Amino acid sequence: TNLLNLVGCALLCAVHCCYALTDFITDKLKFFQLNLRKMQIAVIGGGVSGISSAIQILEYLKSTGSPVAVTVLSEAFSPNTTGDGSAGLWGPYLLGGTPTERVHRWSKQMHDFLEQIWLSDDAGEAGVCLIPCLRLTTTAMDNEVFWKDIVYGCRQLTQRQLDELNVGRANKYTQGMHFITYTSEPVKLLPYLMKRFQANGGKIVQQKVENLQEFIAKSNYDVIINCTGLGSRECVQDVGMFPVRGQVTRVKANWLYCALLDESDVGNYIIPNCESVVLGGTHQENDNNTQVCPNDKKFIINGCRKIVPGLEHAQHLFDWVGLRPGRDTLRLEAEKGGNKIVIHNYGHGGSGVTLAWGCAEDVLELLKNELQARHLNVPKSKL
C-alpha cells in the first residue's frame, strides 16, 4: 500500500510538473512569437495626451529597428476634442493632489518641447506662441509657485506696477507676478501632432471603446494605452473621475498681446491666441452641462471688460463649453498582471496641454519596463 501511495504521489507530481512546464513553454512561445512579428500597440484616446503618447512610442520603437504598428483609436479627433476649445496656455491647473514633483517634471518636459517647436519652422503650423503673462489677485496669492523656474523671467510685481494696473478699478489688485511662457492652441497643435504621427506610419481609427476590458479580451493588440480622459468613468469604471465644466467666449481683439489671469476667488482670464482672444472662464466641478449658460457668459464678458475696458468694442465670435477630466490625482501607471501590457494615462484636469509631452515620456518608460519584465527586450534607440 505504501508503495502504491508513493507511486501515486510521484505520478501526481509528474502531472503537475508537466502542466507547469507546458504553461512555461506556452508563455515563452508567446514572447518568442511577439519578438518575431510586428508588435501591435493601441492608444485609446485622440486628445493631446493620447497623440503625444502614440508619437513617443512609435518614434522610439522605430528608432530601435523594432517592428511595430501603433494605432490611435478614438470616438473623436480634432477639431472635436475637449482640448480644441481651450486657449492652450501653459500652466499646471486643476490637478488635485497629484504630487508636485511629478507635475513639475511633466510640466517642464512639455515647456521644453514647446520651446523646441517655437525655435523651429513649425511654430506657426503648430500654433505655438511666446506670450507675456500677468497673474493678478485682489485677495492673496502664493508668489512662490513651484513652476517659477520653468517659465521665463518670473518676478513679483512692484507696488508701482500694481498702482498703474489699479487706475480706475474699484476692486484693487493686491499682488501680482509677471512671466513669459507659451500658448499652444490645441486646434492647431493636435493636427500638427497627428500629421507627425501619421508621417511615421501611425494609424488613426475612429472608434469608441466603451469597455476597456472587453476591448483587451477581443482585440489582437499586445499593448493598450488608455488615454480616454473623462471617458474613463465608463471605459474603466473609474468612479473617481468627474467633469470640471469650462465655458469660454472668443472675441476678435488683435491688439491684445499679453495674457491676464485674475487669480481671485471668482477671477477671470484673458488669453490671446493667433486669430482670436479667449475670455474665461468657469471651473464647475460635477457639472455635465455642455450647453452655453447665459449667466456664465455674462460673468465672463463683464468680468473681462473690468480687467480690460477696451474689450467692450471687441467683436464677439463664439462661445464654447467643454468638460475637463477631473480626478483627485492624475493616473499614470501600468496595470499589474495580465498577458497584455496595459498603461493608464488620464485625469489631467485643466492641464492636458501643459502635461501631455511629459506624461507621454513616462508612458514610454513604463512600456520599456513592462517589455523588459516580460523578457521582450527592445534594442536601444539609434538616435
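Every value quoted in this text rests on a predicted model; they were computed, and no experiment measured them.

Caption draft 1: How the structure looks around the sheet that holds strand E15 (residues 341-346). Judged by pairing direction, the sheet is mixed, and its six strands sit side by side in the order E6-E2-E1-E7-E15-E14 without closing on themselves. Both outer strands of the open sheet, strand E6 (203-206) and strand E14 (331-334), are each paired with one neighbouring strand and no more. Within this sheet the neighbouring strands show an average axis-to-axis angle of 15 degrees, counted without direction. As defined by bridge partners, E14 adjoins E15 across four bridges and the pair is classed as antiparallel. Across the sheet, the residue bridging to Leu 332 is Asn 345, located in E15. Against the sheet, helix H6 (residues 186-199) touches strand E2 (68-74) and E6, its axis set at about 120 degrees to E6. Its contacts with the sheet put helix H10 (residues 352-373) on strand E1 (39-44), strand E7 (223-226), E14 and E15, and the angle it makes with E15 is roughly 165 degrees.

Caption draft 2: View of the side chain of Asp 262. Looking at the secondary structure, you find Asp 262 in strand E9 (residues 259-262). Lacking a salt bridge, the buried Asp 262 has Arg 169 as its closest oppositely charged neighbour, with an N-O distance of 4.7 Å. A distance of 2.6 Å separates a polar atom in the side chain of Asp 262 from a polar atom in the side chain of Ser 264. Sequence-distant contacts of Asp 262, that is, excluding residues within four places in its chain, are made with Leu 136, Thr 137, Tyr 173, Gly 267, Asn 268 and Ile 307.

Caption draft 3: Structural view of the packing of helix H3 (residues 100-118) against H6. Where H3 meets H6, the axes come as close as 14 Å, and the angle between the chain directions of the two elements is 80 degrees. Classified by the interaxial angle, the pair formed by H3 and H6 is roughly perpendicular. Side by side, H3 and H6 meet where Met 110, Phe 113 and Ile 117 of the first sit next to Leu 189, Tyr 192, Leu 193 and Arg 196 of the second. Residues of the contact of H3 with H6, tallied by class, amount to six nonpolar, no polar and one charged.

Caption draft 4: Spotlight on the pattern of salt bridges. Under the defined criterion, the tally for this structure stands at 15 salt bridges. A salt bridge links Arg 160 to Glu 164; the nearest nitrogen and oxygen atoms lie 3.9 Å apart. Within this pair, Arg 160 and its partner Glu 164 are both found in helix H5 (residues 159-165), separated by four residues, close to a single helical turn. Across the salt bridge formed by Lys 297 and Asp 319, the nearest N and O atoms sit 3.1 Å from each other. Residue Lys 297 is located in helix H9 (residues 294-307), and its partner Asp 319 is located in strand E13 (residues 315-326); the two are separated by 22 residues in the primary sequence.

Caption draft 5: Seen up close, the confidence of the model for the protein. Averaged over all residues, the pLDDT of the protein is 90; the fraction at 70 or higher stands at 89%. For the stretch residues 6-11, pLDDT sits under 50, and the model shows zero contacts to residues farther than four places along the chain or on other chains. A low-confidence stretch, residues 14-33 stays under pLDDT 50, and its non-local contacts, those more than four residues away or across chains, total four contacts.

Caption draft 6: Looking closely at the UniProt feature "binding site: D-dopa" (unreviewed entry) in the protein. Mapped onto the present numbering, the UniProt feature "binding site: D-dopa" (unreviewed entry) falls at Tyr 269, Arg 324 and Gly 350. Inspection of the secondary structure puts Arg 324 in strand E13. A polar side-chain atom of Arg 324 sits 3.5 Å from the main-chain carbonyl oxygen of Arg 245. Residue contacts for Gly 350: discarding those within four places in its chain leaves Tyr 93, Leu 94 and Arg 324.

About the cut-offs
Residues numbered from 1 in each chain as written. Predicted model: local features only at pLDDT ≥ 70, side-chain atom pairs only at ≥ 80, totals over all residues. Heavy atoms only, no water. Pairing = 2+ DSSP bridges. Helix = DSSP H or I, 4+ residues; strand = E, 2+ residues; numbered from the N terminus. Axes fitted to C-alpha atoms, helices over the stretch in contact; angles between N-to-C directions. Contact = heavy atoms within 4.5 Å. Buried < 20%, exposed > 50% of the residue type's maximum accessible area, 1.4 Å probe, protein only. Lys, Arg positive; Asp, Glu negative; His and termini not counted. Salt bridge = Lys/Arg side-chain N within 4 Å of Asp/Glu carboxyl O. Polar contact = N/O pair within 3.5 Å; in protein donor to acceptor, adjacent residues only side chain to side chain. Parallel < 35°, antiparallel > 145°, perpendicular 65-115°, else oblique. Nonpolar A, V, L, I, M, F, W, Y, C, P; charged D, E, K, R; others polar. pLDDT = per-residue confidence, 0-100. UniProt positions renumbered as here; feature names shortened; annotations may be inferred.

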